[in-house]
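# Breakdown of the fold
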Amino acid sequence: MRKLWKNRPLWIALIAIVLLIVLAAFTAGNRSLPLSDGLFRTAAAPVSAFLHSAQNAVGDFFVRVFNPSGVQAENEQLKETLLQLKQQLALLDETEKENARLTELLNYAQANPNMQYVTASVIARDSNPYIDMITLNAGSRNGVTEKAAVICADGIVGRVFEVGPNWCRVKTMCSDEMRISVMVQRTRDEGMLGGLYEEDGLLIGTMLYYLPGKPDIEVGDVIRTSGIGGFFPKGLYVGKVLSVNENGKGSYDAIVSMDVDFVHLEDALIIVGVDEAVR
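To start, this report covers the structure provided alongside it. (Residues numbered from 1 in each chain as written. Predicted model: local features only at pLDDT ≥ 70, side-chain atom pairs only at ≥ 80, totals over all residues. Heavy atoms only, no water.)

## Structural notes on the overall build of the protein
Looking only at helices and strands, the protein has four helices and 12 strands in total. In the protein, buried positions account for 33% of the 279 residues. Taking the intrachain contacts of the protein between residues at least 6 apart in sequence as the baseline, contacts between residues at least 24 apart amount to 57%. A total of about 17400 Å² of accessible surface is found on the protein, and carbon and sulfur atoms cover 56% of it. (Helix = DSSP H or I, 4+ residues; strand = E, 2+ residues; numbered from the N terminus. Buried < 20%, exposed > 50% of the residue type's maximum accessible area, 1.4 Å probe, protein only. Contact = heavy atoms within 4.5 Å. Areas by Shrake-Rupley, 256 points an atom, 1.4 Å probe, with all protein chains shown as cover.)

So this is what it looks like as structure tokens:
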């Protein structure tokens, strides 16, 4: 019995043929029949209706089983539509994230209206071993020049050192060659920021040198650019003091946080002009 049941399509086909033959017998022949024949047909009408319904159901079944191309085409269309919807959702999510980043930069620019900016996106990163250089998609056609300061909402990114028509290379704060004249916001004491501070192979921050003897500087003090040197406008946020150290010769240095996330940095502002000193 199990072997017979394995040939279900064949048995269904045979049953369908028998049903079609019986249905044809009910509907064939001359319509002007004797009264007894008419009574028989009247009594058999429900059976005929059932057989007709069964015929349609069996026909639909075999269309699906033996001619599935229509169903496959519909499935392929549904898969394509689903894929398009997923792509649209991913694009919408990326657009929302981009809008959030650009809004943050816009808020920073509006808070400092005395500077002119060019907004640019990161198109390449160099790591040696940290991300000491990046490439932005703005250049001389956008008014970018060498030594221009590059910033973001979290602080100083670096300084332009090479410019092309529609790109520029930026030496970041992760470069050992970067030197910036800075000051302690609270006391106005000045010093020079540059060089990386590491602990156990991890980058902690940058070094602040040339502080005056016994400086009034504390952990948590905000460090800003002093404007000396002309590359970075005065008052740009740099970071916060993490620790103060006496080097044993009557002078002091400090470690300053590096708040910019260079690994995930995607957009930045290039300063192309300053109307007046930043306070």
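Right, picking up where we left off after that structure.
## Some points on a nonpolar patch on the surface
Nonpolar side chains collect at one region of the surface, where Leu 202, Ile 204 and Leu 242 lie side by side and expose about 250 Å² of accessible area between them. Mapping Ile 204 onto the fold places it in strand β8 (residues 202-211). When its relative accessible area of 34% is taken as the criterion, Ile 204 is described as partly exposed. (Patch = residues over 30% accessible without salt bridge, like charges linked within 9 Å, V, L, I, M, F, W, Y side chains within 5 Å. Salt bridge = Lys/Arg side-chain N within 4 Å of Asp/Glu carboxyl O.)

## Observations concerning the pairing of strand β3 (residues 149-152)
Neither face of β3 is open: one carries Ala 149 and Ile 151, the other Val 150 and Cys 152, and all of them are buried. Between the antiparallel neighbours β3 and strand β4 (residues 155-163) lie two residues. Bridge count between β3 and strand β12 (residues 267-274): two bridges; the pairing is antiparallel. Across the sheet, the residue bridging to Ile 151 is Leu 269, located in β12. (Pairing = 2+ DSSP bridges.)

## Remarks on the pairing of strand β2 (residues 131-136)
Burial analysis of β2 places five of its six residues in the buried class, which makes it a mostly covered element. Here strand β1 (residues 115-127) pairs with β2 via five bridges, running antiparallel. By the bridge assignment, Arg 125 is partnered in β2 with Ile 134. From the end of β1 to the start of β2, which pair antiparallel, there are three residues.

## Let's talk about the nonpolar core
Core analysis: the largest hydrophobic core is formed by 48 residues, its most contacted members being Leu 136, Val 157, Leu 208, Phe 262 and Ile 270. For this core, the element with the most residues is β1, which contributes five residues. Setting aside residues up to four positions removed in sequence, Phe 262 forms contacts with Arg 125, Ile 131, Ile 156, Val 157, Thr 172, Met 173 and Cys 174. (Core = buried A, V, L, I, M, F, W, Y, C linked by side-chain atoms within 4.5 Å.)

## Some thoughts on the sheet that holds strand β10 (residues 237-246)
Read around the barrel, six strands follow the order β6-β7-β8-β11-β10-β9 and close on themselves; strand pairing throughout is antiparallel. Direction aside, the axes of adjacent strands within the sheet are offset by 50° on average. Looking at chain direction, strand β6 (residues 180-184) and strand β9 (residues 222-225) are connected through three bridges and run antiparallel. Bridge pairing in β9 links Val 184 to Ile 223. (Axes fitted to C-alpha atoms, helices over the stretch in contact; angles between N-to-C directions.)

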